[in-house]
Amino acid sequence: MSATYVAIIMDGNGRWAQQHGVPIAEGHKAGADTVKARLRDAVDLGVRELTLYSFSTENWNRPQDEVDALMALFSARIIDETPELHEEGVKMRFVGRREGVLPELLEQMQWAEEKTAGNTRITLFVAFNYGGRSEILDAAVKYTGGGEDEFRKLLYAPEMHDPDLLIRTSGEQRISNYLLWQAAYSELHFTDVLWPDFSRADFELALESYEARVRRFGGR
């Protein structure tokens, strides 16, 4: 069985920058280039939904100059790449808290979502200002009962399928507050490869490892 719904924790931009002797902002730019390349590979490899952890609620605690550079990069990529992604049939959705995000950036995110809303080739969920605990807490505030299906409707993107496979790069082996509800039964794949170096071959290896597993969801 192939993985149709894939989530990735894109870790290692900072270490990549250190290894190459460049500013950390260059590591984030290299990571953004990898996003674009692997998104196209995902289409070729049969992935229907790709969810990427781009900025967590905890990332605000990083040095201010790094946060500022990330916000500028995020804004520039939305403006520059949305038209191209639209032409390629990519539907974009941003998931996460809106509080604390610059109004200008929120407008750009909304523009990208509206422009690509009718596309069906692949859905790109971008987890931005996202935390799994925050998502569950925000849903719990509005929840009035009815079971799991009703609770799911209150998540940031109720239409998102549970990931078949969750990939994390850079050697860390934890999910770091990512998709805590959705990834309850996801298969996990950890690789030592830093995100900017994560190639199509690495992506294919992760998908192949998933295909070799038997999923029982608590049964036998």
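Note that this is a predicted model, so its numbers are computed, not measured.

Most of strand β1 (residues 5–9) sits inside the fold, with four of its five residues counted as buried. Examined bridge by bridge, β1 and strand β2 (residues 49–56) share five bridges and lie parallel to one another. Its bridge partner being in β2, Ile-8 is matched across the sheet by Leu-52. With four bridges joining them, β1 and strand β5 (residues 165–168) adopt parallel strand pairing. Within β5, the position partnered with Ile-8 by the bridge is Ile-167.

What follows covers the pairing of strand β4 (residues 122–130). Across the nine residues that make up β4, a large majority, nine, are buried. Pairing between β2 and β4: seven bridges, direction parallel. Bridge pairing links Leu-50 to Leu-124 in β4.

Estimates place the volume of the largest pocket at around 920 Å³. Looking at the lining of the largest pocket, the elements with two or more residues in it are α1 (13–20), α2 (24–44), β2, α3 (64–87), β3 (90–95) and β4.

We now examine the nonpolar core. Counting residues in hydrophobic clusters, the biggest one holds 35 residues, and the most contacted among them are Val-6, Leu-50 and Phe-128. The leading source of residues in this core is α3, at six residues. Aside from chain neighbours lying at most four places away, what touches Val-6 is Val-47, Glu-49, Leu-50, Thr-51, Leu-165, Ile-167, Phe-203 and Leu-207. One finds Ala-7, Tyr-130, Met-160 and Leu-179 within the second-largest nonpolar core, a separate group that totals 14 residues.

To continue, consider the sheet that holds β5. One open sheet holds the six strands; their spatial order is β3-β4-β2-β1-β5-β6, and the pairing between them is parallel. Strand pairing shows two members of the sheet lacking a second neighbour, β3 and β6 (187–190), which therefore form its edges. Each strand of the sheet is rotated relative to its neighbour by a mean of 20 degrees, with strand direction disregarded. This element, α2, spans β2, β3 and β4 of the sheet and lies at about 145 degrees to β4. Its contacts with the sheet place helix α4 (residues 103–116) against β3 and β4, and it is angled at close to 145 degrees to β3.

About the thresholds
All residue numbers refer to position in the chain's written sequence, counted from 1. Given that this is a predicted model, residues contribute local features only at a pLDDT of at least 70 and side-chain atom pairs are listed and counted only at 80 or more, while totals for whole chains, interfaces and linings are drawn from all residues. Calculation of side-chain values draws on the structure's entire complement of heavy atoms; hydrogens and water are dropped beforehand. Between buried and exposed lies partly exposed: a residue is buried under 20% and exposed over 50% of the maximum accessible area for its type, with that area taken using a 1.4 Å probe on protein chains only. Numbered from the N terminus, helices here are DSSP runs of H or I no shorter than four residues, and strands are runs of E no shorter than two. Here a strand pair is declared whenever DSSP counts at least two bridges between the two strands. A cavity here means a set of points on a 1 Å grid, drawn over the protein atoms and nothing else, where a 1.4 Å probe fits but cannot get out; a pocket is an open set with protein on both sides within 12 Å along at least five of seven lines, and a residue lines either one if it has an atom within 4 Å of a point. Grid points are joined across faces, edges and corners, and a volume is the space filled by probe spheres set on the points. To form a nonpolar core, buried Ala, Val, Leu, Ile, Met, Phe, Trp, Tyr and Cys residues must be joined to one another through side-chain atoms within 4.5 Å. Contact between two residues is taken to exist if any of their heavy atoms lie within 4.5 Å; hydrogens are not considered. Between N-to-C directions, angles span 0 to 180 degrees; the directions come from axes that are lines fitted to C-alpha atoms, helices contributing only their stretch in contact.

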